[in-house]
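Overview (structure and organization)
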Amino acid sequence: MYQIGVDIGGTNIKIGLVDDQLNIVRRSSIPFPHLDGAAVAAQIAAECRRLTEAQGCGMEAVDSVGVIVPGSIDPTGAVVLNAYNLGFHNVPLRAQLQEAFGGTPVFLANDADGAGLAELGRGAFVGCQTAVLFTLGTGVGGGLILGGKMFSGGKKQGVELGHMPLVAGGEACTCGNKGCIEAYCSATAIARDGVRAMEAHPDSLLAARAGGDPKAVDAKLVIDCAKEGDPAAKAVFDAFIDHLGSACIAMIHLLDPEVIAIGGGVCGAGEFLFEPLRKNVDAKCFFSDHAKIVPAVMGNDAGMIGAAMLSRNA
Ligand code: BGC
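This one's a predicted model, so the numbers in the text were calculated from it and none came from an experiment.

Basis of the calculations
- Residues numbered from 1 in each chain as written.
- Predicted model: local features only at pLDDT ≥ 70, side-chain atom pairs only at ≥ 80, totals over all residues.
- Heavy atoms only, no water.
- Pairing = 2+ DSSP bridges.
- Helix = DSSP H or I, 4+ residues; strand = E, 2+ residues; numbered from the N terminus.
- Axes fitted to C-alpha atoms, helices over the stretch in contact; angles between N-to-C directions.
- Buried < 20%, exposed > 50% of the residue type's maximum accessible area, 1.4 Å probe, protein only.
- Contact = heavy atoms within 4.5 Å.
- Near = heavy atom within 4 Å.
- Polar contact = N/O pair within 3.5 Å; in protein donor to acceptor, adjacent residues only side chain to side chain.
- Areas by Shrake-Rupley, 256 points an atom, 1.4 Å probe, with all protein chains shown as cover.
- Nonpolar A, V, L, I, M, F, W, Y, C, P; charged D, E, K, R; others polar.
- Domains from an automatic or database assignment.
- Buried area = accessible area lost by both parts, 1.4 Å probe.
- Salt bridge = Lys/Arg side-chain N within 4 Å of Asp/Glu carboxyl O.

**Focus: the sheet that holds strand β4 (residues 62-69)**
Spatially, β3-β2-β1-β4-β8 is the arrangement adopted by the five strands of the open sheet, whose pairing is mixed. Edge strands, defined here as strands with exactly one partner in the open sheet, are β3 (24-31) and β8 (106-110). Across the sheet, the mean angle from the axis of one strand to that of its neighbour is 15°, orientation sign disregarded. Relative to β4, strand β1 (residues 2-8) is paired through six bridges, and the arrangement is parallel.

As structure tokens, then:
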């Protein structure tokens, strides 16, 4: 039998047909349609049918569908409470998906919880009892492993590590608060600070590469320019590392985990990111022996694999 894992993001919906060894045997991606929950559910179900037909098996060979979203879920795992980047608020998505899928059981969870589950199944958290995942993308997600299992919050609403306050009265966050980890450590935040740096330093490499166009500044460009030694971009990158280091410290001092993994596109920076991050954490940490800080290993497939694993974690 197969499981289907669906990773709903603000740009694309990624769908994977996953076998018992957690391999994605067939995959597909459709644009996120920015429609209501029922219409999104219908498009997902139609794409899943196409995918299983292409595999020559049909939906009869699928024993569960797991779906992850970038937002909080109600305690019964049925309603998307707030997914700001999807524009979903109080959407009864599990029932809408269940209706679209008929008899195949549907499970719903937070995207970073799903990614954490994938790291536990096949990635950086294999064998761990206590571990923390930060996913750095449009938003900042958090996945927590406690007692060797995914922990989705005491009230099962998912953990929202990205919305823990980091800077009192700081930068505005998508959630309406100020100073959240997400407002300093997301790819969006790096791009925002990159634009400011470009505007303050029109003679910088960053400004030259972006042609002075704020829309051309993304996290990757800022990091690439920092790597090339551009002082304006490097200052943005250093501040990002300092904030991410503080976010890691908060988790280490709270949980004393074995591993903290960092995922998301920003991790493409490799040791350029991890070396200063480890130094930052060493300098601030209460414990001399503390969590290893490592790149997440499941990459872009984490969401689909974690979503497919939801039925096993239920
Ligand atoms: C959302 C989280 C999500 C994260 C990553 C945050 O803005 O609140 O639920 O896990 O973005 O997508």
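Having seen it, we continue.
**A short note on the side chain of N280**
Here N280 is to be found in helix α9 (residues 271-284). Using a relative accessible area of 15% as the deciding quantity, one classes N280 as buried. In contact with N280, not counting residues within four places along its chain, are I241, D242, G245 and S246.

**Structural notes on the site of the ligand**
Within the structure, the ligand sits among P70, G71, N110, D111, A112, G139, V140, G141, E160, H163 and E182. In this structure, an oxygen atom belonging to the ligand sits 2.5 Å away from a side-chain N or O atom of D111. One of the side-chain N or O atoms of H163 is found 2.9 Å from an oxygen atom in the ligand. Its free accessible area being 310 Å², the ligand has 92% of it covered by the protein chains. The residue inventory of the shell around the ligand, partitioned by class, reads three nonpolar, five polar and three charged. Summarising the domain contributions, the shell around the ligand has at least three residues from each of domain 1 (2-116 + 301-313) and domain 2 (126-296).

**Considering the domain arrangement of the chain**
In many analyses, interface size is given as the accessible surface area lost on bringing the parts together. Assigned domains within the chain: domain 1 (2-116 + 301-313) and domain 2 (126-296). Taken together, the contacts link 16 residues of domain 1 with 20 residues of domain 2. For the pair domain 1 and domain 2, the summed buried area comes to about 1300 Å², and 55% of that belongs to carbon and sulfur atoms. At the junction of domain 1 with domain 2, the criterion picks out zero salt bridges. At the junction of domain 1 and domain 2, the tally comes to one residue pair in polar contact (both at pLDDT 80 or more). If you list the elements that add at least two residues to the side of domain 1 that touches domain 2, you get β5 (72-73), α3 (111-122) and α11 (310-313). At five residues, α3 tops the list of elements feeding residues into the side of domain 1 that touches domain 2. Each residue belonging to the side of domain 1 that touches domain 2 can be placed in one class, and the counts come to seven nonpolar, seven polar and two charged.

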